[in-house]
Amino acid sequence: QKEVEQDPGPLSVPEGAIVSLNCTYSNSAFQYFMWYRQYSRKGPELLMYTYSSGNKEDGRFTAQVDKSSKYISLFIRDSQPSDSATYLCAMSVLGTDKLIFGTGTRLQVFP
Amino acid sequence: GAVVSQHPSRVICKSGTSVKIECRSLDFQATTMFWYRQFPKQSLMLMATSNEGSKATYEQGVEKDKFLINHASLTLSTLTVTSAHPEDSSFYICSAKSPGLAGAQETQYFGPGTRLLVL
């Protein structure tokens, strides 16, 4: 079993839709959670990070962490075609540098 | 802020040659840089952690004599793929650890990646 599981998609939604992206994990020592966006042939871009359960909001993006269920989510409101990319979740044990990534979910937002 | 660059963005080489990839933190000093490899439709896999002025720490299964890492300054780390073979063709991405806000975990910022094709 992989430490981090993420549905690879692709996920195709119309412009303006609310998108929900999810990851599950098995290592209860993970305490630091991140979401990255990666456009084709580019490096990952940090979108959000959090190290507590609950919600964290930044503009159209909301990150949600449920440590009891070992489940994290990224919600994108009012999705735009420019949001079309691969979204990677990543997590680490607090105080360590090693990031464990999910495989990424490919999102396509069509006009 | 927190910009990381990589050079070259793409390289094609013949089997048996060596290729050097540079990773620079442009607007901050990075005591620690990381090298990842990403195969098509797969996630990023950490290859090694590079600390300024000391030897790199390699992940299990990564050959340190094949993937030479040098972190000579606080803003530059290099990865040299020695005697490259077609199976080394991949997307190589570096990241640099940026000081975080007080009390928060430091965050990694990624470079744009280098696509290596070995013929």
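Values in this document were obtained by computation on a predicted structure and should not be read as measured data.

Explanation requested: the pairing of strand 5 (residues 45-50) of chain A in the structure shown.
Within a regular beta strand, the side chains point alternately toward one face of the sheet and then the other, so they alternate between its two faces. Residues and elements named next belong to chain A. Of all 6 residues making up strand 5, 5 are buried, and the element is well covered by its neighbours. By the bridge criterion, 5 bridges tie strand 4 (residues 30-38) to strand 5 in an arrangement that is antiparallel. Pairing of Met34 across the sheet is with Tyr49, part of strand 5. Here strand 4 hands over to strand 5 after 6 residues, with Arg41 in that stretch at a positive phi of 65°.

What should I look at first to understand the state of the cysteines in this one?
Such a bond, covalent and formed between the sulfur atoms of two cysteines, is termed a disulfide. Residue and element names in this part refer to chain B. One pass over the structure, following the stated rule, counts 2 disulfides over all chains. Not part of a disulfide, Cys13 finds its nearest cysteine sulfur in Cys94, a span of 18 Å. Note on Cys13: relative accessible area 10%, which makes it buried.

Quick question: what am I supposed to make of unusual backbone geometry here?
Negative phi is the rule for most residues except glycine; trans is the rule for most peptide bonds. That bond from A:Gly9 to A:Pro10 is cis: its omega, 10°, falls within 30 degrees of zero. You can see A:Pro10 is positioned in the loop between strand 1 (4-6) and strand 2 (11-14). Looking along the chain, the bond that leaves B:His7 and enters B:Pro8 is cis, with omega of 0°. Considering the arrangement of structural elements, one finds B:Pro8 in the loop between strand 1 (4-7) and strand 2 (10-13). Of note in the backbone geometry, A:Arg41 takes a positive phi value of approximately 65° without being a glycine. Considering the arrangement of structural elements, one finds A:Arg41 in the loop between strand 4 and strand 5. Of note in this structure, B:Ser83 is not a glycine but carries a positive phi near 45°. Accessibility expressed as a relative area gives 33% for B:Ser83, which makes it partly exposed.

Conventions and cut-offs
Residues numbered from 1 in each chain as written. Chains lettered and ligands numbered in written order. Predicted model: local features only at pLDDT ≥ 70, side-chain atom pairs only at ≥ 80, totals over all residues. Heavy atoms only, no water. Buried < 20%, exposed > 50% of the residue type's maximum accessible area, 1.4 Å probe, protein only. Helix = DSSP H or I, 4+ residues; strand = E, 2+ residues; numbered from the N terminus. Pairing = 2+ DSSP bridges. Disulfide = S-S within 2.5 Å.

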